Amino acid sequence: MALRPVHVNIKALDAPTIGLFWAEALGWSAYNPGVTTYVGPAGGLVWPDPVGVGVNVVPVPEPKTTAKNRVHLDLATTSAAHQAELVARLRAIGAEPAHVGQGEVPWTVLADPEGNEFCVLEPREIYRDTGPIAAVVVDCADPRAMARFWGEALDWTLHEVADNRAVLRSGEGAGPYLEFLRTPDVKTVPDRVHLDLLPYPGDDKAAEVARLRALGATDLDLGQGDVPWTCLADPEEHEFCVLAPS
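Residues numbered from 1 in each chain as written. Predicted model: local features only at pLDDT ≥ 70, side-chain atom pairs only at ≥ 80, totals over all residues. Heavy atoms only, no water.

**Things to note about the pairing of strand β11 (residues 165-169)**
Here's step 1: Counted residue by residue, β11 has four buried out of five residues, so it is predominantly covered.
Here's step 2: Hairpin connection, strand β10 (residues 157-161) to β11: the antiparallel pair is bridged by three residues.
Here's step 3: Relative to strand β12 (residues 177-182), β11 runs antiparallel, the two sharing five bridges. By the bridge assignment, V167 is partnered in β12 with E179. (Buried < 20%, exposed > 50% of the residue type's maximum accessible area, 1.4 Å probe, protein only. Helix = DSSP H or I, 4+ residues; strand = E, 2+ residues; numbered from the N terminus. Pairing = 2+ DSSP bridges.)

**Some words on the sheet that holds strand β4 (residues 54-59)**
Here's step 1: The strand order across the open sheet built from eight strands is β2-β3-β4-β1-β13-β16-β15-β14, with neighbouring strands paired in mixed fashion. Each edge of the open sheet carries a strand with a single partner, namely β2 (29-31) and β14 (218-219).
Here's step 2: Pairing of β14 with strand β15 (residues 230-233), which is carried by two bridges, proceeds in the antiparallel orientation. Pairing of D219 across the sheet is with L232, part of β15.
Here's step 3: In the packing of helix α4 (residues 205-215) onto the sheet, contacts are made with β1 (3-12), β13 (193-199), β14, β15 and β16 (239-242), and the angle to β15 comes to roughly 15°. (Contact = heavy atoms within 4.5 Å. Axes fitted to C-alpha atoms, helices over the stretch in contact; angles between N-to-C directions.)

**Some remarks on the sheet that holds strand β9 (residues 133-140)**
Here's step 1: With mixed pairing, eight strands are arranged side by side in an open sheet as β6-β7-β8-β5-β9-β12-β11-β10. Looking at the sheet topology across the chains shown, the edges are occupied by β6 (96-97) and β10.
Here's step 2: With two bridges joining them, β6 and strand β7 (residues 108-111) adopt antiparallel strand pairing. Bridging across to β7, P97 finds its partner in L110.
Here's step 3: Along the sheet, helix α1 (residues 15-26) makes contact with β5 (71-75), β8 (117-120) and β9, crossing β5 at roughly 35°.

**Notes on the pairing of β9**
Here's step 1: Taken across its eight residues, β9 has eight buried, putting it largely inside the fold.
Here's step 2: Where β5 and β9 come together, five bridges link them in antiparallel fashion. Among the inter-strand pairings, D74 is bridged to a residue of β9, identified as A135.
Here's step 3: The pairing of β9 with β12 spans six bridges and is parallel. Within β12, the position partnered with A135 by the bridge is Y177.

**A word on the side chain of D191**
Here's step 1: Mapping D191 onto the fold places it in the loop between β12 and β13.
Here's step 2: Only 2.9 Å separates the side chain of D191 from the backbone nitrogen of E239, close enough to count as a polar contact.
Here's step 3: Not counting residues within four places of it along the chain, the set of residues in contact with D191 comprises K11, R70, E237, H238 and E239. (Polar contact = N/O pair within 3.5 Å; in protein donor to acceptor, adjacent residues only side chain to side chain.)

**Some words on the state of the cysteines**
Here's step 1: Tallying each qualifying case throughout the model produces zero disulfides.
Here's step 2: The thiol of C231 is unpaired, and the distance to the nearest cysteine sulfur, on C241, comes to 3.7 Å.
Here's step 3: Taking relative accessible area as the criterion, C231 reaches 5% and is therefore assigned buried. (Disulfide = S-S within 2.5 Å.)

**Focus on α4**
Here's step 1: By the burial criterion, the buried members of α4 are K205, E208, V209, R211 and L212. Projected down its long axis, α4 shows its buried positions confined to an angular sector of 160°, all on one face. Projecting away from the buried face of α4 at angles above 90 degrees are the exposed residues A206 and A214.
Here's step 2: Turning to α4, the residues buried within the fold contact β1, α3 (143-153), β13, β15 and β16. (Arc of directions from axis to C-beta.)

**As for the nonpolar core**
Here's step 1: The biggest cluster of nonpolar side chains holds 50 residues, and the ones touching the most others in it are W22, L90 and W150.
Here's step 2: The biggest single contributor to this core is α1, with seven residues.
Here's step 3: In this view, W150 contacts L168, F180, L195, L197, D234 and F240; residues no more than four positions away in its chain are not counted. (Core = buried A, V, L, I, M, F, W, Y, C linked by side-chain atoms within 4.5 Å.)

**Some thoughts on the packing of aromatic side chains**
Here's step 1: Enumeration according to the criterion identifies eight aromatic pairs in this entry.
Here's step 2: Geometrically, the ring pair formed by W22 and F118 is edge-to-face, given 5.0 Å between the ring centres and 65° between the ring planes. Here W22, found in helix α1, pairs with F118, found in strand β8; they are 96 residues apart in sequence, far enough to count as distant.
Here's step 3: A relative accessible area of 1% places W22 in the buried class.
Here's step 4: Taking 5.4 Å as the distance between ring centres and 80° as the angle between the ring planes, the aromatic pair formed by F149 and W150 counts as edge-to-face. Grouping residues by exposure puts F149 and W150 together as buried. (Phe/Tyr/Trp six-rings, centres within 6.5 Å; stacked < 30°, edge-to-face > 60°.)

Structure representation (structure tokens):
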């Protein structure tokens, strides 16, 4: 049994607008299969995507607070010119510079039109084949502990684990990395951005949820009511959902 990340869930006041922003940012398409706006590769809605991790923008009534998100996206570029062009294009469609204490760094920190932070990276060889999303980055206190939990929770391969950083990626060697970075930040508000996980066809969702609880996940009540997905938190209280196969 195992789970796979199928999309990054972003809460938004105006989900269609934020969905269109991320579609333009990633060079993908926005689809509206229901109340959410799903962003995935162009060419028609295919879910779950067999290679990548999509973005699912979910409408909520609360705006983002000023607190920095504990989960963000890093976008890949192929050259210095590509990085500059992407930053300029993102600024033109509503992104704003963001200051999260980064200092002088070779990447550019921006925020989408509702304030969700993300980074446009300088070219890095490791991200040459990830697609537009280089990594889903999670702030944490203990990357080693996160590697233990998420390494068991997912069917992804652990590529690196150290005191300051842990890195996983799909065993197929495709799509973005999942990176846990040590930071001094602590959780002060509900997560605005989180991962949604999906069992494989034939696997039992309830059994997967029970397995995650045994690994240290806890149940999470966000007022979701009676829904087909299960809301959980990892041992450092990062929120995530286990979706029902459809």
